[in-house]
Amino acid sequence: DVDIGSNSRIRYLLSVLRAFKGNQELDSDEFNSPFFFNVSTSEVWLSGELDFETYDRLQFTIEAIDFGQTPRWNTSAIVVYVTDVFDTPPRLRLSNVVDNVLQIREDEGNEFGAVLSIIFFSPKLPAYATANLTLMTSYEEDLFSIRLINDKPEWSLRFNHELDRETQSLYEIYFRLEVHNNVTTQTHINVTVVILDYNDNPPVIQDPPTGCVSFPEDTSYKILYTLNAIDADLEESAIVSYSIFDAHGYESHFRINSTSGLVELITPLDYEEVNTLGVVLAATDAGTPPLTSTVTLNLCLENINDSAITFDSTFLLFPVNSPLHSKLATIQATDGDGTSQPIFYYLDSVPSELFVLDTETGELFLTTCLTHGLTIERTFRASHCASLTED
């Protein structure tokens with residue numbers, strides 16, 4: 001002030017402080033003043049840290065006011081440009097990671113060295129800066145590894161073994177990034193790897209049948225077995241249904257409950273058609289694709305005497321000049337039940353002066369001379385009984 005006396009004394013005020021980021025002016029509550037202003041000396045001191053990430057320039061207005069009876073004043077606007085230095089740790093990012101959780105379906109990582117995620121960070125580093133990424137886990141084996149991608153500051157996260165949710169479904173891994181510039185900064189991130197289920201386990205049949213289930217051939221109903229299987233997968237893949245896979249043409253004789261696995265005989269089998277039968281049962285899960293396990297239920301039928309003994313022939317022809325006591329024929333009969341018990345033969349006709357029948361062999365012998373053209377009817381009986389009184 002060119003005046004003299006009190007009119008030349010000057011006091012200073014910092015009246016307005018404004019902050020800008022690009023072309024956008026910030027509200028006063030979005031930043032803190034980094035300055036201290038001495039009203040006596042008009043010195044502006046930097047009392048706080050400047051933050052390029054918040055603003056790139058500050059503008060403040062200083063008023064100079066004299067002490068005259070009629071004060072006179074003038075103003076000056078000062079602009080402070082803030083330049084950037086690499087002082088903010090970069091933010092680590094992983095592809096496919098949401099809220100620090102990486103979800104991988106177990107079949108997607110079932111190849112050795114499969115890439116689970118790409119690790120990068122922002123903002124990009126200055127050309128003169130270097131970065132080192134460290135992977136840390138609490139597992140004894142080197143289950144995970146990271147690999148630099150083409151000398152870029154990006155890494156691939158790999159799993160060094162096949163993923164198997166049934167063995168382990170959660171993994172905790174830790175990444176630490178060090179950036180070396182004019183200062184060294186660090187940042188880190190914890191990631192939970194969740195292994196999602198895939199239908200890779202067929203149902204496991206519990207207590208599979210052993211030996212042979214025996215029952216008489218005339219059995220019309222019988223509970224044979226209960227098929228039970230457990231699937232190690234989750235949700236729909238763990239739902240198991242049961243069916244008869246193959247009964248070799250006898251499917252109509254059986255029924256199986258698709259939910260409980262109860263296997264029932266509902267129609268009799270015939271020993272003379274089949275005396276042993278292997279029924280193949282199936283347990284199938286509801287996964288995609290569905291997986292099936294099978295087991296064979298062996299059945300053994302017990303023969304019962306339900307078929308008659310039949311003669312192989314009912315007409316015998318022999319010459320008229322057959323000598324006495326000669327063998328005329330052998331009577332043969334067959335038991336439809338297929339039993340190995342011996343068959344005994346009897347001549348029911350009385351008198352039986354014409355023939356003699358060997359009870360055990362069925363051989364028929366002549367005991368008298370026969371006339372040409374004579375037709376003789378005799379009744380024979382075949383039985384498993386050694387005497388007629390037992391028949």
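Residues numbered from 1 in each chain as written. Predicted model: local features only at pLDDT ≥ 70, side-chain atom pairs only at ≥ 80, totals over all residues. Heavy atoms only, no water.

1. Quick notes on the environment of Asn100
Moving on, step 1. Tracing the backbone through its elements, the reader meets Asn100 in the loop between strand 8 (97–98) and strand 9 (101–105).
Moving on, step 2. As a C-alpha pair, Asn100 and Ile189 span 89 residues in sequence and 7.8 Å in three-dimensional space.
Moving on, step 3. Excluding anything up to four places from it in sequence, Asn100 contacts Ile189, Asn190, Val191 and Thr192. (Helix = DSSP H or I, 4+ residues; strand = E, 2+ residues; numbered from the N terminus. Contact = heavy atoms within 4.5 Å.)

2. Description of a negative patch on the surface
Moving on, step 1. A cluster of acidic residues, Asp218, Glu272, Glu273 and Asp306, forms a negative patch on the protein surface.
Moving on, step 2. Structurally, the position occupied by Glu273 is in the loop between strand 22 (262–265) and strand 23 (276–285). (Patch = residues over 30% accessible without salt bridge, like charges linked within 9 Å, V, L, I, M, F, W, Y side chains within 5 Å. Areas by Shrake-Rupley, 256 points an atom, 1.4 Å probe, with all protein chains shown as cover. Salt bridge = Lys/Arg side-chain N within 4 Å of Asp/Glu carboxyl O. Lys, Arg positive; Asp, Glu negative; His and termini not counted. Charge placed at Lys NZ, Arg CZ, Asp CG, Glu CD.)

3. Quick look at the state of the cysteines
Two cysteines joined by a covalent bond between their sulfur atoms form a disulfide.
Moving on, step 1. Taken as a whole and assessed by the stated rule, the structure comprises one disulfide.
Moving on, step 2. There is a disulfide in this structure between Cys212 and Cys300, and the S-S distance comes to 1.8 Å. The sign of the 110 degrees torsion about the S-S bond sets the Cys212-Cys300 disulfide as right-handed. In this pair, Cys212 is assigned in the loop between strand 16 (204–206) and strand 17 (213–216) and Cys300 in strand 24 (residues 292–302), connecting sequence segments 88 residues apart. (Disulfide = S-S within 2.5 Å.)

4. Considerations on unusual backbone geometry
For residues other than glycine, phi is negative in most cases, and the peptide bonds are mostly trans.
Moving on, step 1. With an omega of -5 degrees, the peptide bond running from Thr288 to Pro289 counts as cis.
Moving on, step 2. In this structure, Pro289 sits in the loop between strand 23 and strand 24.
Moving on, step 3. A positive phi angle is found at Asp99, which is not glycine, with a value near 55 degrees.
Moving on, step 4. On the secondary structure map, Asp99 appears in the loop between strand 8 and strand 9.
Moving on, step 5. We classify Asp99 as exposed; its relative accessible area is 74%.
Moving on, step 6. Residue His248 is not a glycine yet carries a positive backbone phi of 55 degrees.
Moving on, step 7. Tracing the backbone shows His248 in the loop between strand 20 (240–246) and strand 21 (254–256).
Moving on, step 8. A relative accessible area of 47% places His248 in the partly exposed class. (Buried < 20%, exposed > 50% of the residue type's maximum accessible area, 1.4 Å probe, protein only.)

5. Points about the pattern of salt bridges
Moving on, step 1. By the definition in use, this model includes five salt bridges.
Moving on, step 2. Of the charged contacts, one joins Arg18 and Glu25 as a salt bridge, the two residues approaching to 3.0 Å between their closest N and O atoms.
Moving on, step 3. In this structure Arg18 comes out as partly exposed when scored by relative accessible area, which is 30%.
Moving on, step 4. Among the salt bridges present, the one from Glu166 reaches Arg165, with a minimum N-O distance of 2.8 Å.
Moving on, step 5. Taking the relative accessible area as the measure of exposure, Glu166 reaches 26% and is therefore partly exposed.
Moving on, step 6. Residue classification places Arg165 among the buried positions, given a relative accessible area of 13%.
Moving on, step 7. Residues joined by salt bridges that share partners form a network here, namely Arg165, Glu166 and Asp197.

6. Topic: the side chain of Arg158
Moving on, step 1. Relative to the helices and strands, Arg158 is located in strand 13 (residues 155–159).
Moving on, step 2. Separated by 3.1 Å, the side chains of Arg158 and Ser156 make a polar contact. (Polar contact = N/O pair within 3.5 Å; in protein donor to acceptor, adjacent residues only side chain to side chain.)

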